[in-house]
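Structural characterization, general
This is what each chain is made of:
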Amino acid sequence: MYEMRPGPNRPGSTVVWHVTAKQTAIALCGQQLPDHIHPSQAEQARHCPACMADFAQLVATAPS
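The residue numbering used here restarts from 1 in each chain and proceeds along that chain's sequence as written. It should be noted that, the model being predicted, local features are given only for residues of pLDDT at least 70 and side-chain atom pairs only at 80 or more, the latter also being counted only at that level, while totals for whole chains, interfaces and linings use all residues. Note that water and hydrogens are dropped before the side-chain values are worked out from all heavy atoms of the structure.

The next subject is the overall build of the chain. Regarding its fold elements, the chain presents 2 helices and 2 strands. Taken from the N to the C terminus, the helices and strands of the chain come in the order β-β-α-α. Expected size for 64 residues packed as a compact globule is a radius of gyration near 11 Å; at 12 Å, the chain falls within 12% of this value. Its C-alpha atoms give the chain principal-axis dimensions of roughly 40 × 20 × 20 Å. In this analysis, two residues are considered to be in contact whenever any of their non-hydrogen atoms come within 4.5 Å of each other. For the chain, long-range pairs separated by at least 24 residues make up 41% of all intrachain contacts whose partners lie at least 6 apart in sequence. Of the accessible surface of the chain, which amounts to about 4500 Å², a share of 56% is contributed by carbon and sulfur atoms. Here the chain contributes 4 positive and 4 negative side-chain charges, whose respective centroids are spaced 5 Å apart. Under the scheme used here, helices are H or I runs from DSSP no shorter than 4 residues and strands are E runs no shorter than 2 residues, and both carry numbers assigned from the N terminus. Here the radius of gyration uses the C-alpha set of atoms, whereas the globule reference equals 2.2 Å times the residue count to the power 0.38. Surface exposure here means Shrake-Rupley accessible area, sampled with a 1.4 Å probe, where a residue is shielded only by the protein chains that are shown. His is not counted, nor are the chain ends, whereas Lys and Arg count as positive and Asp and Glu as negative. Charged groups are reduced to one reference atom each: NZ for lysine, CZ for arginine, CG for aspartic acid, CD for glutamic acid.

What follows is the structure, given as structure tokens:
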């Protein structure tokens, strides 16, 4: 199971939505995510392109 979590695109840059496995702070793109991002920072955030590409590949290769 996967979930979306906000975090910086790169340390110190804009906030984006990352894909993580449940109960982990490491995004599919390999980035360690902070424990907390203020919700207002994530309201209009886009998705992490690397996470979305990795997630699409996981879904495409998932067993039926």
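There's plenty left to go through after this.
Glancing now at unusual backbone geometry. With phi around 65°, Gln23 is a residue other than glycine that occupies positive phi space. Mapping Gln23 onto the fold places it in the loop between strand S2 (15-21) and helix H1 (39-42). When a residue's accessible area, from a 1.4 Å probe over protein chains only, is under 20% of the maximum for its type it is buried; when over 50% it is exposed; and in between it is partly exposed. Gln23 sits in the exposed class, given a relative accessible area of 79%.

On to the side chain of Thr20, then. Among the structural elements, Thr20 can be located in strand S2. For Thr20, a relative accessible area of 0% corresponds to the buried category. Beyond its immediate chain neighbours, meaning those up to four positions away, Thr20 contacts Met1, Tyr2, Glu3, Arg5, Ile26, Ala27 and Leu33.

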